[in-house]
Amino acid sequence: MTSQQSLEETLSPALQQRREQSLYRQRRIVTSPQGSRLSLDDGSVLNFCSNDYLGLANHPEIITALKRGADEYGVGAGASHLINGHSRAHHALEEELADFSGRPRALLFSTGYMANLGVITSLAGKGDAILEDRINHASLIDAGLLSGARLQRYRHADVHSLDKHLQKHAAHNKRRLIATDGVFSMDGDLAPLPALSVTAQQHHAWLMVDDAHGIGIIGKQGRGTIDHFALDQNQVPILMGTLGKAFGTFGAFIAGSEALIETLIQQARSYIYTTALPPAIAVATHTSLGLLRAADDRREKLASLIQQFRRGAEQLGLTLMASQTPIQPLLVGDSKQAMALSETLLQEHQILVRAIRPPTVPAGSARLRITLCANHTAAQVDQLLDALDASTQKIMP
Ligand SMILES: *Cc1c(COP(=O)(O)O)cnc(C)c1O
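Residues numbered from 1 in each chain as written. Predicted model: local features only at pLDDT ≥ 70, side-chain atom pairs only at ≥ 80, totals over all residues. Heavy atoms only, no water.

Brief notes about the sheet that holds strand β10 (residues 327–333)
Backbone hydrogen bonds are what pair the strands of a sheet, in a parallel or an antiparallel way. With antiparallel pairing, 3 strands are arranged side by side in an open sheet as β10-β13-β12. The open sheet has two free edges, formed respectively by β10 and β12 (354–356), since each of these has just one partner strand. In this sheet, adjacent strand axes meet at a mean angle of 30° when their direction is disregarded. Taken together, the 6 bridges between β10 and strand β13 (residues 366–371) define a ladder with antiparallel strand orientation. From the neighbouring strand, I327 faces β13, where its bridge partner is T371. Against the sheet, helix α14 (residues 335–349) engages β10, β12 and β13, with an angle of about 35° to β13. (Pairing = 2+ DSSP bridges. Helix = DSSP H or I, 4+ residues; strand = E, 2+ residues; numbered from the N terminus. Axes fitted to C-alpha atoms, helices over the stretch in contact; angles between N-to-C directions. Contact = heavy atoms within 4.5 Å.)

As structure tokens, this is what we get:
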């Protein structure tokens, strides 16, 4: 008989092991709004790790809208959408998001994580097959696992690998759902959507795109990756977008056909069994959507910062990834070195860039996930490049 160990005794060794492997995760406390500069507990830093790509998270018009929303609706939604939490502000925003994405309907979710869980578990279950890019966002992978369907992960951005999986495993499954990031969150590259959509149609599979990092950034008026590739709803019937990144607010939505959205309202457990977003967030997001659509100047600024950064990094001999988006990871490989680089940038150069380590990225591919935002200046990007030069020479001579 073994006596049961205390919770402390059970958990501590794994935590210690994580520390020794440089995989320990720690939060930093922020004491200012998002922006190119951030205040942390221990001082002011240049911020190169936010997903607030258009610099809208602290925009005065959106703050005013949030306050107006709170005056009109108070703070909490009080209940889920199906009880009495579905406000006129939520409803209006859904109609605007449907229009923005060129689809008949859109449905708000409280987070992107929950939107992915809700849509995937509603569309596929036992006896079905879900095919996902190997480096999809964790929420898509978790949704696939939760669904009870057979989850197959194909090689990154590899349509032949997808096709093989579909031929080999999915032929006898009832439903076939393919899910991919539009812009890959840790690599910054785009999914090969035109080829994926052809393969999906050949196999009578449904294609879903999670465009958390594409919406607001690429496509006409920031309509995202699907618009960038000029695909339509027949080719990509399921779109997920988030509001916490380029929109600068909070929440997420699924856009698609009448039947898709009505199915989610009936079945998506992460929609039904959770409190609606605060209505004031919907009011704020209405203002944010207007700014985002009109933000071609911000998108052009971003594009020029991206080119500046890539040119500079190449001249320094740094290992960039094949990304033309604001996500510009610097591949390091070793987790300890990635941590040491991040720490040196912070302590010696007051620059905040997070090291992304396994299991968020594949083993041996730890990296600095640098993100550029429209409110960075060219001088700040130069400052980052100088600091990267000094830090990499120190840590990886
Ligand atoms: C951030 C992100 C999500 C989750 O969205 P939240 O609203 O933050 O929960 C989903 N998918 C991708 C690709 C993401 O980057």
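Here we look at the packing of aromatic side chains
Following the criterion strictly, the structure yields 2 aromatic pairs and no others. Ring geometry for F100 versus F247: centroids 6.4 Å apart, planes at 85°, classification edge-to-face. Linking F100 in helix α4 (residues 88–101) with F247 in the loop between β8 (238–242) and β9 (252–256), this pair joins segments that are 147 residues apart in sequence. Of the two residues, F100 and F247, neither departs from the other in class, the shared state being buried. Residues F109 and Y271 carry aromatic rings whose centres are separated by 5.4 Å and whose planes lie at 65° to one another, so their mutual orientation is edge-to-face. Note that F109 is positioned in strand β3 (residues 105–109) and Y271 in helix α11 (residues 269–272), a separation of 162 residues in sequence. Residue F109 is classed as buried on the basis of its relative accessible area, which comes to 2%. Taking the ring centre of Y24 as reference, the NZ or CZ of R19 above it sits at 4.2 Å. (Phe/Tyr/Trp six-rings, centres within 6.5 Å; stacked < 30°, edge-to-face > 60°. Buried < 20%, exposed > 50% of the residue type's maximum accessible area, 1.4 Å probe, protein only. Lys NZ or Arg CZ within 6 Å of the ring centre and 35° of its normal.)

Quick notes on the sheet that holds strand β2 (residues 43–47)
Strand order in the open sheet made by the 3 strands is β1-β2-β11, with mixed pairing throughout. Both outer strands of the open sheet, β1 (37–40) and β11 (351–352), are each paired with one neighbouring strand and no more. Sheet topology note: the β2/β11 ladder contains 2 bridges and is parallel. When the bridges of β11 are listed, N47 appears paired with L352.

Details of the side chain of S270
Structurally, the position occupied by S270 is in helix α11. The buried category is assigned to S270, whose relative accessible area is 14%. Among the polar contacts made by the side chain of S270, one reaches the main-chain carbonyl oxygen of M114 at a distance of 2.6 Å. With residues near it in sequence (within four places) discarded, S270 still touches F109, M114, L117 and G118. (Polar contact = N/O pair within 3.5 Å; in protein donor to acceptor, adjacent residues only side chain to side chain.)

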